[in-house]
Amino acid sequence: MREMTETSPTCTAKSAASKRADFVIVALALIGIAIVSASLLLGRYPIDPTQALAMLASRIVVLEPSWTDQQQTLFFNVRLPRILLALMVGCCLSAAGAAYQGTFQNPLVSPDILGASQGAAFGAAVAILSGFTGAMVSVSAFCFSILTVFLVLAVSARAKGNHMIVVVLAGIMVSSLFSAGVSYAKLVADPTDELADITYWLMGSLTGAKMTQVATVAPILFAGLVTLFVLRWRINILVMGDDEAATMGVNARLVRLVIIVAATFLTAACVSVTGMIGWVGLVIPHLCRMLVGADYRKLIPASMLMGSGFLLAVDDIARLATTAEIPIGILTAFAGAPFFLYLITRKKKL
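These numbers were taken from a predicted model, which means no experiment stands behind them.

Calculation notes
- Residues numbered from 1 in each chain as written.
- Predicted model: local features only at pLDDT ≥ 70, side-chain atom pairs only at ≥ 80, totals over all residues.
- Heavy atoms only, no water.
- Salt bridge = Lys/Arg side-chain N within 4 Å of Asp/Glu carboxyl O.
- Helix = DSSP H or I, 4+ residues; strand = E, 2+ residues; numbered from the N terminus.
- Core = buried A, V, L, I, M, F, W, Y, C linked by side-chain atoms within 4.5 Å.
- Buried < 20%, exposed > 50% of the residue type's maximum accessible area, 1.4 Å probe, protein only.
- Axes fitted to C-alpha atoms, helices over the stretch in contact; angles between N-to-C directions.
- Left-handed = near helix turned anticlockwise from the far one by under 90°.
- Contact = heavy atoms within 4.5 Å.
- Nonpolar A, V, L, I, M, F, W, Y, C, P; charged D, E, K, R; others polar.
- Phe/Tyr/Trp six-rings, centres within 6.5 Å; stacked < 30°, edge-to-face > 60°.
- Lys NZ or Arg CZ within 6 Å of the ring centre and 35° of its normal.

A. Up close: the pattern of salt bridges. Counted according to the given criterion, the structure contains five salt bridges. For Asp 315, the salt bridge is made with Arg 82, and the minimal N-O distance between the two is 2.8 Å. Of this pair, Asp 315 sits in helix H13 (residues 296-320) while Arg 82 sits in helix H3 (residues 69-103), and the two are 233 residues apart along the sequence. Each member of the salt-bridge network shares a partner with another, and the members are Arg 82, Asp 315 and Glu 325.

The structure is reproduced here in structure tokens:
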């Protein structure tokens, strides 16, 4: 009886924290739905809410058109693909960032820690210099991104010392190498054409999103997200350390490798279609950790929801704030950097 009385407050506190986290997750989902609804309607060519609902319903049942052909083209070929891509990329970058931070046990880790973003940038630059456009640039960026991460893992496997530190150091070195390659590509690029394309790609943008892009990356993103979602409780064990994981029957090295590969594919697929969008995978997991705690069973879903809503809201600002659209990578830096400065200067630990 005495033991039950002593442990009861602890159990009650955990239950209250779990309920609070569930409430936050539901609230984030509702906020995300509201942002999506607003995004479908907002733009330089506004669409009435009833028309938007009718156009969506027309894909399922036959309806008498109450909209113009121009509105239908704008809605399905421009606005809807862009919204879907923003949701997917925000969701995946945030989930990858949370998974990396837990796996590496380092709050300063972001999705590009293993060089995925710089590898993608180099691949895109090479494709642009070779005269490719559109889908081929994305394919080249994705392939070089994956190649970069596997190069990092291969180098770290041959190095001695603390494995996690070696992986991070190898990622920094390989990233620097590919960053130098991007700089050289910009140096030799044609300043009237190729240089502008490379520079714009490096700033990140959702402009020109197409349903074909969404359909192409969706399977990769879905597989990566499912992997992280299923293994999210094991990240809690990885945070405790390899010895503790071994006592619980968990192969920490294998689980860590699977999570790294899944998060890497998410990052590579996102960067290949949008360019470099920073800060989302670094800041959003921290903000979610403040709201739902450090339990990755709650943190991963919360990061997915907040990341998708955040990136879509930022993209709305990017396309509506000025006549000339602002690259979304610039806005995420403006939003993320001050917030992260607040995080590292507050009295509590990250």
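Having seen it, we continue.
B. Molecular detail of the nonpolar core. Among the nonpolar cores identified, the biggest contains 66 residues, and Leu 85, Leu 221 and Ile 259 are the most heavily contacted of them. Looking at this core element by element, the count peaks at 15 residues for H3. Formed by 18 residues, the second largest nonpolar core is a distinct cluster that contains Ala 96, Ile 113, Leu 114 and Val 152.

C. Focus on the packing of H3 against helix H11 (residues 252-274). It is the contact of H3 with H11, at a shortest axis distance of 9 Å, that shows an interaxial angle of 150°. The handedness of the crossing between H3 and H11 comes out as left-handed. The segment H3 lies against H11, with Leu 85, Val 89, Cys 92, Leu 93, Ala 96, Ala 99, Tyr 100 and Thr 103 engaging Arg 256, Ile 259, Ile 260, Ala 263, Thr 264, Leu 266, Thr 267, Cys 270, Val 273 and Thr 274. Grouping the constituent residues of the contact of H3 with H11 by class yields 13 nonpolar, four polar and one charged.

D. Structural context of the packing of aromatic side chains. Under the definition given, this model contains five aromatic pairs. Here Phe 122 and Phe 144 contribute two aromatic rings whose centre-to-centre distance is 5.4 Å and whose plane-to-plane angle is 75°, an arrangement assigned as edge-to-face. Residue Phe 122 is located in helix H4 (residues 116-129), and its partner Phe 144 is located in helix H5 (residues 135-158); the two are separated by 22 residues in the primary sequence. On the basis of relative accessibility, which here comes to 24%, the residue Phe 144 falls in the partly exposed class. Seen from the ring of Phe 229, Arg 232 lies directly overhead, with NZ or CZ sitting 3.9 Å from the centre.

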